[in-house]
Amino acid sequence: MTDAESGADVTALATGRRRVAVIGAGPSGLFAAQSLLAKDPELSIDIYDRLPTPYGLLRYGVAPDHTAIKRVATTLARVFEGRAVRFVGQVELGRDVTREQLRTHYDAVVYALGASRDAHLGVSGEDLAGCLSAREFVAWYEGHPDASPVVLTGVETAVVVGVGNVAIDVARILAKPVDELADTDMPDAVLDELGREPVPEVWIVGRRGPRQTAFTQVELRELVNLDGVAVTVDGHRPGELDDDDTLDRRTRAVLTALREAPERTAPEPRVRLRFLFWHRVWRLDGPGEVESVRLEATRPDTEGRLEGTEQWRDLSAQLLLRAIGYRGERLPGLPFDTVAGIIPNAEGRMTDEHGQPQPGEYVVGWIKRGAVGVIGTNKSDAAETVRHLWDDLAAGPGTGRDPRADLVAVLESAGKPVADFAAWLRIDAAERARGESQGRVRTKIATWQELAGLVAGDEDEAAKEMRRA
Ligand code: NAP
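Calculation notes
- Residues numbered from 1 in each chain as written.
- Predicted model: local features only at pLDDT ≥ 70, side-chain atom pairs only at ≥ 80, totals over all residues.
- Heavy atoms only, no water.
- Helix = DSSP H or I, 4+ residues; strand = E, 2+ residues; numbered from the N terminus.
- Rg over C-alpha atoms; globule rule 2.2 N^0.38 Å.
- Contact = heavy atoms within 4.5 Å.
- Areas by Shrake-Rupley, 256 points an atom, 1.4 Å probe, with all protein chains shown as cover.
- Lys, Arg positive; Asp, Glu negative; His and termini not counted.
- Charge placed at Lys NZ, Arg CZ, Asp CG, Glu CD.
- Salt bridge = Lys/Arg side-chain N within 4 Å of Asp/Glu carboxyl O.
- Buried < 20%, exposed > 50% of the residue type's maximum accessible area, 1.4 Å probe, protein only.
- Phe/Tyr/Trp six-rings, centres within 6.5 Å; stacked < 30°, edge-to-face > 60°.
- Pairing = 2+ DSSP bridges.
- Axes fitted to C-alpha atoms, helices over the stretch in contact; angles between N-to-C directions.
- Near = heavy atom within 4 Å.
- Polar contact = N/O pair within 3.5 Å; in protein donor to acceptor, adjacent residues only side chain to side chain.
- Parallel < 35°, antiparallel > 145°, perpendicular 65-115°, else oblique.
- Left-handed = near helix turned anticlockwise from the far one by under 90°.
- Nonpolar A, V, L, I, M, F, W, Y, C, P; charged D, E, K, R; others polar.

1. Observations regarding the overall build of the chain
Scanning the chain from N- to C-terminus turns up 17 helices and 18 strands. Since a compact globule built from 469 residues should have a radius of gyration of about 23 Å, the 24 Å found for the chain is in line with a globular shape. Expressed as lengths along the three principal axes of its C-alpha atoms, the size of the chain is roughly 70 × 60 × 45 Å. In the chain, of all internal contacts separated by at least 6 residues, the share reaching a separation of at least 24 is 74%. Accessible surface, the chain as shown: approximately 20700 Å² in total, 50% of it carbon and sulfur. Positive and negative charge centroids in the chain, built from 58 and 75 side chains respectively, lie 3 Å apart.

2. Side note on the pattern of salt bridges
What the rule picks out here adds up to 45 salt bridges. Among the salt bridges present, the one from Asp-185 reaches Lys-444, with a minimum N-O distance of 3.6 Å. Highlighted residues: Asp-185 in the loop between α8 (165–175) and α9 (188–196) and Lys-444 in the loop between α15 (421–436) and α16 (448–455), separated in sequence by 259 residues. Just as Asp-185 is buried, Lys-444 falls in that class too. For Lys-368, the salt bridge goes to Glu-384, with nearest N and O atoms at 2.8 Å.

3. Looking at the packing of aromatic side chains
On inspection of all chains with the given rule, the structure shows 10 aromatic pairs. When the centroid spacing of 5.5 Å and the interplanar angle of 85° are considered together, the rings of Phe-137 and Tyr-141 count as edge-to-face. Placement of the pair is Phe-137 and Tyr-141 together in helix α7 (residues 134–141), with a separation of four residues, close to one helical turn. Each member of the pair, Phe-137 as well as Tyr-141, carries the same accessibility label: buried.

4. Looking at the sheet that holds strand β11 (residues 279–285)
Ordered by their spatial adjacency, three strands build an open sheet running β11-β12-β13, and the pairing between neighbours is antiparallel. Strands at the two margins of the open sheet, each flanked by one partner only, are β11 and β13 (306–316). Each strand of the sheet is rotated relative to its neighbour by a mean of 25°, with strand direction disregarded. Of the strand pairs in this sheet, β11 and strand β12 (residues 292–300) are connected by six bridges, and their pairing is antiparallel. Of the residues in β12, the one forming a bridge with Arg-280 is Glu-296.

5. Here's the deal with unusual backbone geometry
Positive phi values are uncommon outside glycine, yet Tyr-55 reaches one of about 95°. Exposure remark for Tyr-55: the relative accessible area of 7% places this residue in the buried category.

6. With respect to the site of the ligand
The local shell around the ligand holds 20 residues, among which Val-166, Arg-207, Arg-208, Glu-219 and Gly-373 are the closest. At 3.1 Å, a side-chain N or O of Asn-165 approaches an oxygen atom of the ligand. Taking Arg-208, its side chain carries an N or O atom lying 2.7 Å from an oxygen atom of the ligand. Ranked by the residues each element gives to the shell around the ligand, the list is headed by α8, at three residues.

7. Section: the sheet that holds strand β3 (residues 85–88)
Strand order in this open sheet of seven strands is β3-β2-β1-β4-β18-β17-β16, and the pairing throughout is mixed. Here the strands that pair on one side only, and so sit at the sheet edges, are β3 and β16 (345–346). Note that strand β2 (residues 44–48) and β3 share four bridges and pair parallel. Its bridge partner lying in β3, Tyr-48 is registered against Val-88. In the packing of helix α2 (residues 27–39) onto the sheet, the strands contacted are β1 (19–23), β2, β3 and β4 (108–111), and the crossing angle to β2 comes to about 180°.

8. Focus on the packing of α2 against helix α13 (residues 377–395)
The N-to-C vectors of α2 and α13 enclose an angle of 50°; their axes lie 8 Å apart at closest approach. It follows that α2 is oblique to α13 by the angle criterion. Classified by chirality, the crossing of α13 by α2 is right-handed. Taken together, the residues of α13 that come into contact with α2 (itself represented by Pro-27, Ser-28, Phe-31, Ala-32, Gln-34, Ser-35, Leu-36 and Lys-39) are Asn-378, Lys-379, Ala-382, Ala-383, Val-386, Arg-387, Leu-389 and Trp-390. Of the residues contributing to the contact of α2 with α13, the split by class is nine nonpolar, four polar and three charged.

So, in structure tokens, the structure goes:
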């Protein structure tokens, strides 16, 4: 994409229009771009991503069977219709571009980097095969090109640790009849693996009680109401599942769902789903692969903090998924709050570790506030950041020392293959064509090799076939 080929950018350069870089093409970055365009539809915006595909967690995080939420991508895609908006895919901050380059070439930079690291349990045996983070498991079933294959053959019991919505997502993908996943965009190899044999027993283990869960009611009900699933709820203290009008609405609804779930009868259950509260993982055992999980019963101490009771329970299990939250990643040259796992900021204005403002640099999404909230939370979050960005731009000249020089052209002339929006449209067409041939909306392409071929201009065989038809 040179200046000559990029009408949008040439216009931006010629008019001296303000230029903003958004780093991360997930929902938070795209909501930020949407907010920026609402301020000025002519603004020049480059949206970078390390992948050749936009939409971040909408594509690789929101569960494949949550198709209504996935469709938010259709709305967010309109951002790329902006006159001077470019997708700059396959370009990674820290590897292909530096913070200094961004500060030089743009009037403002918005970091929308998400939270790509997962928390650890810190117990022995966590490095055994069969102990995965939910992030790794999700990446596999979402067809992320970095994912490693997961083998479920021989898994009789899976233990999911954590009682938030990610735990629900991974448990549901394990427990759902595979024919109910067949119309999703999951890669064929994933559907084959999930379809081989069901995992007959899935535990969801919370280190605290049912009143301290982070689930939302809709997600919990969707899981416990799956066909062929029998539910047990265990480990809670007497009365802890009872309704209590001093509790908030979400917690009361979750307790109702947990009380009602075991009453549903599944005469010959395909999957037994077992909730176990007030237990934490003590260690994982097995020679090379997880064979069993030792749990310790827990209780609140007099101050309400968690303490162990030295009462043990051993589960024979072949897969452990820790769904205990995500954290942001420190990137070279950028300030980082190691305790919170975020880039330090004041309502989206980036600061250094000592609270000193970093003019012209902003944050949105999970790297701004931590890994909490649903996709829609990012809209108001981005609006707050963009409000400050806009005030700052109105008040001063911005940070760009040489914003007329096009960084994308600099990268391309250095031989860096950039995936533009047209490249994504080729990938999109190929995935749709593969899906259509199987009666599905889309089948994800999950290998770097195939993605790179499409970025380079190859036309997919299935897409060609569809065009001929
Ligand atoms: P989360 O909601 O923060 O839940 C994390 C869970 O892990 C909590 O139950 C927490 O328990 C537990 N945990 C943390 N450290 C632990 C440890 N060392 N040992 C045992 N348990 C531990 O995080 P999440 O499930 O990753 O979700 C992230 C965000 O995405 C949430 O806002 C969620 O609602 C959202 N999300 C939404 C959907 C949806 O709407 N369908 C789907 C997926 C994710 P404690 O409370 O005891 O720390």
